[in-house]
Amino acid sequence: MTTKLTLNIDKDIIEYAKSYAKENNVSLSKLIENYLNSLTQKDNKQSKKVSPLVESLTGVIPSEELNERKSYRDYLAEKYT
């Protein structure tokens, strides 16, 4: 069910939004609806469970390996000495 809504928005923003909507082949109403939906769904995304595969990979890389620059320098030093 759709309901009409009246908003007070700066004229320039409306013009930019209309141009954006037209370029993306979507109505301004649908654009705003999608945006508001994404805002309200943010809480649901945070509560999603992690898949078993991702969970099994957690912690696979040791924390000392996270310093990529040091690891790369060590690799180069070993290679060229």
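Here the structure is a predicted model, which is why all the values come from computation and not from measurement. (Residues numbered from 1 in each chain as written. Predicted model: local features only at pLDDT ≥ 70, side-chain atom pairs only at ≥ 80, totals over all residues. Heavy atoms only, no water.)

(A) A look at the confidence of the model for the chain. In this model, the chain carries a mean pLDDT of 82, and residues with pLDDT of at least 70 account for 81%. Per-element confidence in the chain is highest for helix H1 (residues 11-23), whose mean pLDDT is 92, and lowest for helix H3 (residues 42-46), whose mean pLDDT is 59. (pLDDT = per-residue confidence, 0-100. Helix = DSSP H or I, 4+ residues; strand = E, 2+ residues; numbered from the N terminus.)

(B) Structural view of the pattern of salt bridges. Summed over the entire model, instances satisfying the criterion amount to two salt bridges. Here Asp74 makes a salt bridge to Lys70, at a shortest N to O gap of 3.0 Å. Residue Asp74 and its partner Lys70 are located together in helix H5 (residues 68-80), separated by four residues, close to a single helical turn. For Lys70, a relative accessible area of 43% translates into the label partly exposed. (Salt bridge = Lys/Arg side-chain N within 4 Å of Asp/Glu carboxyl O. Buried < 20%, exposed > 50% of the residue type's maximum accessible area, 1.4 Å probe, protein only.)

(C) Region of interest: a nonpolar patch on the surface. A cluster of nonpolar residues, Leu5, Leu7, Ile9 and Ile13, forms a patch on the protein surface that exposes about 380 Å² of accessible area. Position of Ile9 among the secondary structure elements: in the segment before H1. For Ile9, a relative accessible area of 39% translates into the label partly exposed. (Patch = residues over 30% accessible without salt bridge, like charges linked within 9 Å, V, L, I, M, F, W, Y side chains within 5 Å. Areas by Shrake-Rupley, 256 points an atom, 1.4 Å probe, with all protein chains shown as cover.)

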